[in-house]
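One letter stands for each residue in the lines below.
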Amino acid sequence: MRKHAVVLEYKRCRGCTTCIKTCPTEAIRVRNGKAIILDERCIDCGKCVRVCPHKAIRSVGDCIKRLEDFDCCIALPEPALYGQFQHLNDINLVLNALLRIGFHRVFEVSRAAELISDYARQEALSLTEKVTPLISSSCPTVLRLIRMRFPRLIDHVANTILPMELAAILARREAAQETGLPPERIGVFAIVPCSSKVTAAHSPEGFDSPVLDGAFAIRDIYLKLLSPMQDLCEEGRLAPLLSSGLTGVGWAACGGECAARSGQKCVAVDGVENVIRMLEEIEDGRIPEADFIELNACTQGCVGGCFTVENPYTTKMRLQDLMNTLPVSRNCFLAQGAERNILKFRRRPQFLPAFLLDADRGVAMEKQLQIQALESHLPGLHCGSCGAPSCHAFAEDVVLGRASEEDCIFKVRARMQSVADDADDYLPAPFRHHQPARPKESS
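Residues numbered from 1 in each chain as written. Predicted model: local features only at pLDDT ≥ 70, side-chain atom pairs only at ≥ 80, totals over all residues. Heavy atoms only, no water.

A. Inspection of empty space enclosed by the protein at higher detail. As enumerated under the stated definition, the model contains five cavities of 30 Å³ or more in all. For the largest cavity, the calculated volume is near 240 Å³. Along the walls of the largest cavity sit 27 residues, with Ser138, Lys197, Trp251, Asn296 and Cys302 positioned nearest its centre. Of all the elements in the fold, those that place two or more residues in the lining of the largest cavity are helix 3 (109-126), helix 4 (140-149), helix 6 (195-202) and strand 11 (292-296). No other element matches the three residues that helix 3 contributes to the lining of the largest cavity. For the lining of the largest cavity, the class distribution of residues is 14 nonpolar, eight polar and five charged. Roughly 100 Å³ of internal volume is contained in the second largest cavity. As for the second largest cavity, its lining consists of 14 residues, and the residues nearest its centre are Cys23, Ile28, Cys42, Cys45 and Cys48. Classifying every residue of the lining of the second largest cavity by side-chain character gives nine nonpolar, three polar and two charged. (1 Å grid on protein atoms, 1.4 Å probe; cavity = no way out; pocket = protein on both sides within 12 Å on 5 of 7 lines; lining within 4 Å. Points joined across faces, edges and corners; volume = space filled by probe spheres on them. Helix = DSSP H or I, 4+ residues; strand = E, 2+ residues; numbered from the N terminus. Nonpolar A, V, L, I, M, F, W, Y, C, P; charged D, E, K, R; others polar.)

B. Broad picture of the sheet that holds strand 5 (residues 72-77). Taken in spatial order, the four strands make up an open sheet running 6-5-8-9, and their pairing is parallel. Both edges of this open sheet fall to strand 6 (105-106) and strand 9 (214-217), since each of them pairs with a single strand only. Looking at chain direction, strand 5 and strand 8 (residues 186-192) are connected through six bridges and run parallel. The residue of strand 8 that forms the bridge with leucine 76 is alanine 190. Where helix 5 (residues 163-179) meets the sheet, its contacts fall on strand 5, strand 6 and strand 8, and the angle it forms with strand 8 comes to roughly 150°. Each of strand 8 and strand 9 is contacted by helix 7 (residues 218-235), which is oriented at about 65° to strand 9, the strand it contacts most. (Pairing = 2+ DSSP bridges. Contact = heavy atoms within 4.5 Å. Axes fitted to C-alpha atoms, helices over the stretch in contact; angles between N-to-C directions.)

Just geometry here; none of it tells us what the structure is for.
Structure representation (structure tokens):
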């Protein structure tokens, strides 16, 4: 299974250290002039993709040629896709165009989102959810972040799978019944706005094995849809494929999931830095009055994913225009008995020990003391010259054998101080103590 959808092109990397400062989990280092991504710490948020000036870090989806491996291919478009097109007034245009680029069937992820929303309302009314505030499970990046940095909040995560995963289960079931094909000959592919959902398609958090066969980036499918959509406009005939309302489509933007939970006290947060601050407050018990917290790692929600084409604010505006023409919802969750478990995790998320110093607690404590001792002798400037994002991260790298103390330029200066009085010349200009001589005034 694929580890991550965020990849590094070493030939493009210049070792500029721009990326190391933006990673929320300190998963990037620069060593020997090249960036290195620590797989165990990466949460596929895509922050590094956006800031890399040399385009050395990329997010990748599956290749469209994967459609050739199956007898029947189903597209699962995320609602963020609809907002990428200018002057779109009918979602059916996008859904029909998908059938012209290699897909045989379409099942909207927004349809699955409405089922999850209705299930959540039923659960809220029955008071079966005892933990508050409940945290949304719809963002794979946030879920991985919680597992890694906030394990005490795992019990607060809603016990529901991703909408695209529910859509995949239902779409494959429907296709198998209607075509008679074995499930393994049916390819189910999501069209997603971000790298984290590509990773989730291949390495799901709530399942022992994937329920999707892959995921395509919205930006790749967008380009392929433009010509078929133009042809369909000229033909003027569209099959009525749309089967969801504004409740499901609204999930594409921050606040959409909250809006579907009518009658509850909800908070919607976007941006991974804001998400981290909110999780810290939840962990400290500072927002006890909220019933539900919607957390989106991307700006403005899925419309701001790194696979999208348009500005997230423009996309949100377009979706709101489309939603004005839709009914509130077209789907209700009516399953009973064991069938109600179809949208629940098959396995609950577990703590991800990405920051564990050692499996042996005694050894880990000893390493922690070594890190603290070394950090106390570092300048605390977090300049990144050593290739680590902070002095603490550098100290940790040294203790774990990933770096040497000599990688810190200030440590080198201290060693050279006894050799030369002008050791400051070995420092970058912003860190030198002496001031440059003023130019002489001309007479």
